[in-house]
Amino acid sequence: MKKIIITIDGWSSCGKSTLAKHLAKSLGYVYIDSGAMYRAITLYFLRNHIDWTDLEKTSEALKHVELHFIYNQKSLQSEMYLNDENVEYFIRDLVVAEKVSEVATIAAVRTYAVAQQQKMGEGKGIVMDGRDIGTTVFPEAELKIFMTADILIRVERRFKEMFIKNPNVTFDEVKHNLETRDYIDSNREVSPLRMATDAILLDNTLMTMEEQLDFALKLVANKL
Ligand code: DC
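Residues numbered from 1 in each chain as written. Predicted model: local features only at pLDDT ≥ 70, side-chain atom pairs only at ≥ 80, totals over all residues. Heavy atoms only, no water.

### Observations regarding the overall build of the protein
Move 1: Looking only at helices and strands, the protein features ten helices and eight strands.
Move 2: Relative to a compact globule of 224 residues, whose C-alpha radius of gyration would be 17 Å, the protein shows 17 Å and is just as compact.
Move 3: Projected onto its principal axes, the C-alpha coordinates of the protein cover approximately 50 × 40 × 40 Å.
Move 4: Burial statistics for the protein: of 224 residues in total, 49% are counted as buried.
Move 5: In the protein, once contacts between residues fewer than 6 apart in sequence are set aside, the share between residues at least 24 apart is 71%.
Move 6: Positive and negative charge centroids in the protein, built from 28 and 33 side chains respectively, lie 4 Å apart. (Helix = DSSP H or I, 4+ residues; strand = E, 2+ residues; numbered from the N terminus. Rg over C-alpha atoms; globule rule 2.2 N^0.38 Å. Buried < 20%, exposed > 50% of the residue type's maximum accessible area, 1.4 Å probe, protein only. Contact = heavy atoms within 4.5 Å. Lys, Arg positive; Asp, Glu negative; His and termini not counted. Charge placed at Lys NZ, Arg CZ, Asp CG, Glu CD.)

See the structure below:
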């Protein structure tokens, strides 16, 4: 059966990764969370006190960053490894979330991440989610979905997730973080968040997961 590349871009906490995971599972494709890569790089910079506004220091630091995903049979998820350490737990923290968009504006960081993402797509049969996947990483992808949802719904979803890990987190903190990230992601110079001209819009504000999966599977069937 022909394999294709599916890109899912959109605003923060729209449910991109949830849909991407379900879609990949239904199709027997590999799911790649490109945001996890930017988060892992940010974690490395924070831990090692790297000044990412300094191009030379950033380029040097990136030479010491090795990223890969390993599929966890128990959680049934691909997990992010930074220099052979499973960092899945740490990269979802608000400390990383507060800095990741800033780090993701750095051209050297993007060049580094995009090259690896493109390599992962060489064999096709992947679903990758992020911000620039349909526009920059795979401009020739066969199917591009762009997701959006009402901001309050998005904050509520992310707040519930974060509250489990950290009961001190507030709704306003999460709202501020999402709005700030959306602003930085869509206003940066290098490959800002944009809906590709050939992408299909999916507003999931009032949709269940099953409805979203059904919608996406129909699009895939059309492409195949
Ligand atoms: O999808 P996420 O929330 O885990 O992404 C974290 C940040 O990484 C997001 O605020 C912007 C950046 N990002 C990016 O610039 N390009 C991507 N392809 C994916 C994520």
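### Some points on the nonpolar core
Note on soluble globular proteins: their nonpolar side chains tend to be buried together.
Move 1: Among the nonpolar cores identified, the biggest contains 37 residues, and Ile-41, Phe-45, Leu-67, Met-80, Leu-82, Val-109 and Phe-138 are the most heavily contacted of them.
Move 2: Of all the elements in the fold, those that place two or more residues in this core are helix 2 (34-47), helix 3 (55-62), strand 3 (67-72), strand 4 (77-82), helix 5 (94-103), helix 6 (107-120), strand 6 (126-130) and helix 7 (133-137).
Move 3: Cys-14, Leu-23, Tyr-29 and Leu-143 belong to the second-largest nonpolar core, a separate cluster that totals 21 residues. (Core = buried A, V, L, I, M, F, W, Y, C linked by side-chain atoms within 4.5 Å.)

### Focus on the packing of helix 1 (residues 16-27) against helix 10 (residues 209-223)
Move 1: Here helix 1 crosses helix 10 at 55 degrees, and the two axes come no closer than 10 Å. Judged on the interaxial angle alone, helix 10 and helix 1 are oblique. The hand of the helix 1/helix 10 crossing is right-handed. Residue-level contacts link Thr-18, Leu-19, His-22, Leu-23, Ser-26 and Leu-27 of helix 1 to Met-209, Gln-212, Leu-213, Ala-216, Leu-217 and Val-220 of helix 10.
Move 2: Residues of the contact of helix 1 with helix 10, tallied by class, amount to eight nonpolar, four polar and no charged. (Axes fitted to C-alpha atoms, helices over the stretch in contact; angles between N-to-C directions. Parallel < 35°, antiparallel > 145°, perpendicular 65-115°, else oblique. Left-handed = near helix turned anticlockwise from the far one by under 90°. Nonpolar A, V, L, I, M, F, W, Y, C, P; charged D, E, K, R; others polar.)

### Some points on the environment of Ile-145
Move 1: Locating Ile-145 in the fold gives a position in strand 7 (residues 143-148).
Move 2: Each C-alpha atom of the pair Ile-145 and Gln-73 lies 28 Å from the other, and the pair is 72 residues apart in sequence.
Move 3: Ignoring sequence-local partners within four residues, the contact set of Ile-145 consists of Thr-7, Ile-8, Asp-9, Ile-200, Leu-202, Ala-216 and Leu-219.

### Looking at unusual backbone geometry
Move 1: A positive phi angle, near 55 degrees, is found at Ser-13, a position not held by glycine.
Move 2: Of note, Ser-13 is situated in the loop between strand 1 (5-10) and helix 1.
Move 3: Residue class for Ser-13 comes out buried when judged on its relative accessible area of 9%.
Move 4: Phi at Ser-191 is positive, roughly 30 degrees, even though this residue is not glycine.
Move 5: Relative to the elements of secondary structure, Ser-191 occurs in the loop between helix 9 (171-187) and strand 8 (200-203).

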